[in-house]
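This is what each chain is made of:
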Amino acid sequence: MIKNVMVIGAGQMGAGIAEVFAAKGFSVSLHDREEALAIKGKTAMEARLRKLIAKGYAAEEDVQSTLEQIHPTADLSVANEMDLVIEAATENMEIKKQIFAELDQVVGPKTILATNTSSLPITDLASVTQKPERVIGMHFMNPVPRMKLVEVIRGLATTDDVFETIVSLSKQLDKVPVSVEDFPGFVSNRILMPMINEAIFTLYEGVASAEDIDTVMKLGMNHPMGPLTLADFIGLDTCLSIMNVLHEGFGDDKYRPCPLLKKYVQAGWLGKKSGRGFFQYE
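Here the structure is a predicted model, which means the values were calculated and not measured.

K.L.:
Tell me what's going on with the nonpolar core, and back it up with residues and numbers.
P.N.:
Counting 36 residues, the largest nonpolar core has Phe21, Leu84, Ile86, Met138 and Phe140 as the members making the most contacts within it. For this core, the element with the most residues is helix α1 (residues 12-23), which contributes seven residues.

K.L.:
Quick one: what's the story with helix α10 (residues 236-250), residue by residue and with numbers?
P.N.:
Taking 1.5 Å per residue as the helical rise, α10 with its 15 residues ought to reach 21 Å, and the 21 Å between its terminal C-alpha atoms agrees with that figure. Taken together, the buried positions of α10 are Leu236, Cys239, Leu240, Ile242, Met243, Val245 and Leu246.

K.L.:
How would you summarise the environment of Ala208 if you had to cite specific residues and measurements?
P.N.:
Mapped onto the fold, Ala208 is located in the loop between α7 (188-204) and α8 (210-221). When sequence neighbours within four positions are dropped, the list of residues in contact with Ala208 reads Thr202, Leu203 and Ile213.

K.L.:
So what's going on with the UniProt feature "domain: 3-hydroxyacyl-CoA dehydrogenase C-terminal" (unreviewed entry) in the chain? Residues and values would help.
P.N.:
Within this numbering scheme, the UniProt entry marks residues 185-281 as carrying the feature "domain: 3-hydroxyacyl-CoA dehydrogenase C-terminal" (unreviewed entry). Taken end to end, residues 185-281 has its terminal C-alpha atoms 28 Å apart, with 63% of it in helix and 0% in strand.

K.L.:
Tell me about the layout of surface pockets, residues and numbers included.
P.N.:
Estimates place the volume of the second largest pocket at around 410 Å³. Forming the walls of the second largest pocket are 22 residues, and the residues nearest its centre are Glu19, Ala23, Leu49, Thr66 and Pro145. Taken together, the elements giving at least two residues each to the lining of the second largest pocket come down to α1, α2 (35-54) and α3 (60-68). For the lining of the second largest pocket, the residue count by class is 11 nonpolar, three polar and eight charged.

Analysis parameters
- Residues numbered from 1 in each chain as written.
- Predicted model: local features only at pLDDT ≥ 70, side-chain atom pairs only at ≥ 80, totals over all residues.
- Heavy atoms only, no water.
- Core = buried A, V, L, I, M, F, W, Y, C linked by side-chain atoms within 4.5 Å.
- Buried < 20%, exposed > 50% of the residue type's maximum accessible area, 1.4 Å probe, protein only.
- Helix = DSSP H or I, 4+ residues; strand = E, 2+ residues; numbered from the N terminus.
- Expected span 1.5 Å × (residues − 1).
- Contact = heavy atoms within 4.5 Å.
- UniProt positions renumbered as here; feature names shortened; annotations may be inferred.
- 1 Å grid on protein atoms, 1.4 Å probe; cavity = no way out; pocket = protein on both sides within 12 Å on 5 of 7 lines; lining within 4 Å.
- Points joined across faces, edges and corners; volume = space filled by probe spheres on them.
- Nonpolar A, V, L, I, M, F, W, Y, C, P; charged D, E, K, R; others polar.

If you want it as structure tokens, here you go:
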């Protein structure tokens, strides 16, 4: 039974994952490379939840209960006490492999190692551990507290027991788990990212302005958010990383990242988190 959970990475995704577990009564260790970063992740979460209280969407006692379940830390050895560790670090294979190799030296034999990767192969990540059968993909959507979907991805060695545990756990969180095979980008980003990339090509080629491209997709295709706004929200560096994974993984030029996407990332225009992407933000 899963009781104690550690989330590695206290950014937007990691903090969101920590929040949904804590809201359901799980004890959550929120880890980052510095304790100050882990505390910052919890503080940002609290600020967002306080806004929900002010708007009447959340109760003070529920928010307080959630926050009490979250314990910021920079001590990776705490993973030894966990039933489940979810890695939610940046979308970079080498960084994730280093984290998994370190966790492999710490966790107990029954601990499940999950990754929130949105595109990288689970089997490859599992290969740096001595327990690949305990490794699985648990890809939450952003923003985690609001989005229902969880892609559950088995690696080559992942056992049925681990898979069934994560499916059941996802349902406990009031999420909808979907079983996905271990292919680059899984389902969500294999479909979403080429669409975003094509929207960027449309802007790059001068077909329409960023505002008008997003308007076409919102009003014409009934998308709640335009693809360029969505790219800014995801982070253009993350979009580029995923497109590179798709391009390298399938060897097909239809996944070639748009030169404009590369240029924006090189310029540090990463979207909402940097204040500028295809649109400008305060």
